[in-house]
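One-letter residues, chain by chain:
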Amino acid sequence: MDASKNFDAIVVGAGFGGMYMLHRLRSMGLTVRVYERGGGVGGTWYWNRYPGARCDLESMEYSYSFDDRLQQEWNWSEKYGTQPELLRYANHVADRFDLRRDIVFGTKVVSAHRDPTTNLWTLTTDTGGVAIARQLILATGNLSTPQLPKIAGVAEFSGRTFHTGRWPQEGANFSGRQVGIIGTGSSAVQTIPHVAEQALNLTVFQRTANFSIPAHHGPLDATMREAHKKKYNEIREAAYQTPFGIAKYGSPTLSAFDVSDEDRQKTYEDAWKTGGQALLFCYTDLLTNKKSNETAAEFVRQRIRDTVKNPHVAELLCPKDHPIGTKRLCLDSFYFETYNRDNVRLVDVKETPITRIEPNAVVVGDNVFEIDDLILATGFDAMTGAAKDIDIQNGNGESLTDHWAQGPQTYLGLMVAGFPNMYIITGPQSPGVKSQMILSIEHHVDLIACLIQKLHDENFNSVVPEALAQDNWVSHNTEVANSTLYPAAASWYMGANIPGKPRIFMPYVGGVRQYRATCQEIIENGWRGFEFA
Ligand code: NA7
């Protein structure tokens, strides 16, 4: 056998998950190969280079904690990590831990087939490469497979077409151009104000109005940053004790109806001034009680009406078909204000969907909107798209796609029954996307490292979840989701943005604190629900 093809572990993806996994496994003495489709590290922050792209969690929290020197030496310059700064950070981490020597860039993993007799995974790539390893780790990301809308004529558009999740490295200039943008999710909300400033005119095609809160983005005060650094360990630990893994947003104690209308209004106003996700953390029941939720939703609608001068446009921008927070709450900088510009036009495509795209126009019913450039801010095949994009076969006649035909099934969002030694970093049914992502990545990487260490120490060949443990976890996940308002929205959390995708609420919303405690209890009980062979 060609030794250069054989590794202890293969990691797919060099975003924040894959990078830390590589570092962790290498420090355990394992040989590791990472495959990355992009030309560099950073995952989401490598691909999403659209103007205004920025994390919606503050950078002091949205960063690695695994190495104290790293967190002490890195200086975030802005409140929220912007895409360029996050990409610089990813590259800094890659340099600092000398990660690149084990990463093959520009290479997509096409298949991963397990041999049940040897318990080895064989991977093939689109460049004709083959690699073999006992451990397979999918660090493929939750929002990494762009979704192109199935609109007639989209492929025949003759101008420039951009997807926010595949933005060109060299950027794009819209000066003097007539631009159309489809979508009004987080990516569009961040892009629109920037494109509007440059373009001759911008037409926004909106199917669903979204709730958005001002980010109040700006430079990070150096004194605050240094004070935060001094208490970093304490703050990181506190984050694990919160529902969403964000220390800044602790657990509220009161219901929205425990207080007077005036007090509630004042609390929302303060949260609005703070900006960011603070509003959702005002009361205990905002995501479980429709009436409580409506108090916050109406508060935000009122702010939209206060901001947007044209009352008809304001009303179109007011979300009325889902509770606030049940779709990802957007964070913006002057999004609603942008609709007061003369060169910006909002087109409602809910009542009359986009009929077709012509070489130089978007057609909605009888209306033809001429454009030079088309921006698709149409989202991703979230949470399952990237894993299902690889032909994964377990060697017992089952593919991952078959196993997930009715929606994703995992144990703890970490492993899949029937697929030994295959791990997913922040997979479906884990808190991942409903938490501070890097905290959840670190938790999962550490769990995977512990499992692999156990295999090594106790001379096991493989680990796989028991089917019953998985079934129970999936049911528990659904039960928890159903006790909240989340399933009330047609969101990508539900798979609702992809025609034909099974509707199952995918992230675990029982909270980071609870999830971590459950994992701990499972470990203390000899990794209950995992089978070692
Ligand atoms: P999202 O949040 O999935 O938003 C996609 C948007 O595109 C959303 O407004 C969709 O409307 C719209 N869309 C998709 N297909 C169509 C068609 N065919 N016609 C009209 N409109 C369409 O993706 P983002 O990239 O903005 O954000 C993804 C996550 O990244 C975000 O949640 C953060 O966590 C970071 P819909 O709502 O489906 O009616």
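The structure reproduced in this document is the subject of the present report. Since we're looking at a predicted model, the values are computed, not measured.

Glancing now at the site of the ligand. The full set close to the ligand counts 18 residues, and Thr184, Ser187, Arg207, Thr208 and Lys327 are the nearest of them. Measuring from an oxygen atom of the ligand, one finds a backbone N or O atom of Gly185 at 3.4 Å. Take Trp492: an N or O atom from its side chain is 3.0 Å from an oxygen atom of the ligand. Look at the ligand: alone it shows 780 Å² of surface, and the protein chains cover 85% of it. A breakdown of the residues in the shell around the ligand according to their chemical character gives seven nonpolar, eight polar and three charged.

This paragraph deals with the sheet that holds strand E17 (residues 367-370). The sheet built from three strands is open, its strands ordered E15-E16-E17 with antiparallel pairing. At either end of the open sheet lies a strand with only one pairing partner, and these are strand E15 (356-358) and E17. The mean angle between the axes of side-by-side strands here comes to 25°, regardless of whether they run parallel or antiparallel.

All right, on to the layout of surface pockets then. Over the atoms rolls a probe the size of a water molecule, and in doing so it shows where empty space is left. Within this model, the second largest pocket holds a volume of roughly 420 Å³. Lining the second largest pocket are 19 residues, with Pro243, Phe244, Thr284, Leu287 and Val509 sitting closest to its centre. Residue composition of the lining of the second largest pocket, by class: eleven nonpolar, seven polar and one charged.

This paragraph deals with the packing of helix H14 (residues 437-457) against helix H16 (residues 512-524). Two numbers describe how H14 lies on H16: the axes approach to 12 Å, and their chain directions differ by 5°. When the axes of H14 and H16 are compared, the pair comes out roughly parallel. Between H14 and H16, the contacting residues are Leu439, His443, His444 and Leu447 on the first element and Val512, Tyr515, Arg516, Cys519 and Ile523 on the second. Residue classes in the contact of H14 with H16 are distributed as six nonpolar, two polar and one charged.

Core analysis: the largest hydrophobic core is formed by 124 residues, its most contacted members being Ile137, Tyr339 and Phe530. In terms of residue count, H14 provides more of this core than any other element does, nine residues in total. Sequence-distant contacts of Ile137, defined by excluding residues within four places in its chain, comprise Ala9, Ile10, Val11, Val12, Met21, Leu25, Tyr423, Ile425, Ile448 and Ile452. Counting residues in hydrophobic clusters, the runner-up holds 21 residues, among them Tyr35, Leu138, Trp404 and Met422.

Along its 21 residues, H14 runs 30 Å from first to last C-alpha, staying within 8% of the 30 Å computed at 1.5 Å per residue. The positive-phi residue at the C-terminal boundary of H14 is Asn459, with phi of around 60°.

Moving on, we get to the packing of helix H1 (residues 16-27) against H14. For the pair H1 and H14, interaxial distance at closest approach is 9 Å and the crossing angle is 35°. Two packed elements cross with a definite hand, and for H1 against H14 that hand is right-handed. On the side of H1, the interface is formed by Phe16, Gly17, Tyr20, Met21, Arg24 and Leu25, while H14 contributes Ile438, Ile441, Glu442, Val445, Asp446, Ile448, Ala449 and Ile452. Broken down by class, the residue content of the contact of H1 with H14 amounts to ten nonpolar, one polar and three charged.

Glancing now at the side chain of His163. Locating His163 in the fold gives a position in strand E9 (residues 160-163). In terms of polar contacts, His163 uses its side chain to reach the backbone amide nitrogen of Gly165, at 2.9 Å. Leave out the neighbours within four places in its chain, and His163 touches Pro146, Gln147, Leu148, Leu376, Thr378 and Gly379.

Counted according to the given criterion, the structure contains 34 aromatic pairs. Their ring planes at 70° and their centres at 5.4 Å tell us that Phe162 and Phe174 sit as a pair that is edge-to-face. With Phe162 in strand E9 and Phe174 in the loop between E9 and strand E10 (178-182), this residue pair connects regions lying twelve residues apart in the sequence. As far as burial versus exposure is concerned, Phe162 and Phe174 are alike and both buried.

Let's shift gears to the sheet that holds strand E18 (residues 373-376). Across the sheet, which stays open at both edges, the five strands sit in the order E9-E18-E10-E11-E14 with parallel pairing between neighbours. The strands lining the two open edges of the sheet, one partner per strand, are E9 and strand E14 (344-348). Strand-to-strand, the axes of this sheet are offset by a mean angle of 20°, without reference to chain direction. Pairing of strand E11 (residues 201-206) with E14 involves five bridges; the strand directions are parallel. Within E14, the residue paired with Val204 across the bridge is Leu346.

Criteria and cut-off values
- Residues numbered from 1 in each chain as written.
- Predicted model: local features only at pLDDT ≥ 70, side-chain atom pairs only at ≥ 80, totals over all residues.
- Heavy atoms only, no water.
- Near = heavy atom within 4 Å.
- Polar contact = N/O pair within 3.5 Å; in protein donor to acceptor, adjacent residues only side chain to side chain.
- Areas by Shrake-Rupley, 256 points an atom, 1.4 Å probe, with all protein chains shown as cover.
- Nonpolar A, V, L, I, M, F, W, Y, C, P; charged D, E, K, R; others polar.
- Pairing = 2+ DSSP bridges.
- Helix = DSSP H or I, 4+ residues; strand = E, 2+ residues; numbered from the N terminus.
- Axes fitted to C-alpha atoms, helices over the stretch in contact; angles between N-to-C directions.
- 1 Å grid on protein atoms, 1.4 Å probe; cavity = no way out; pocket = protein on both sides within 12 Å on 5 of 7 lines; lining within 4 Å.
- Points joined across faces, edges and corners; volume = space filled by probe spheres on them.
- Parallel < 35°, antiparallel > 145°, perpendicular 65-115°, else oblique.
- Contact = heavy atoms within 4.5 Å.
- Core = buried A, V, L, I, M, F, W, Y, C linked by side-chain atoms within 4.5 Å.
- Buried < 20%, exposed > 50% of the residue type's maximum accessible area, 1.4 Å probe, protein only.
- Expected span 1.5 Å × (residues − 1).
- Left-handed = near helix turned anticlockwise from the far one by under 90°.
- Phe/Tyr/Trp six-rings, centres within 6.5 Å; stacked < 30°, edge-to-face > 60°.

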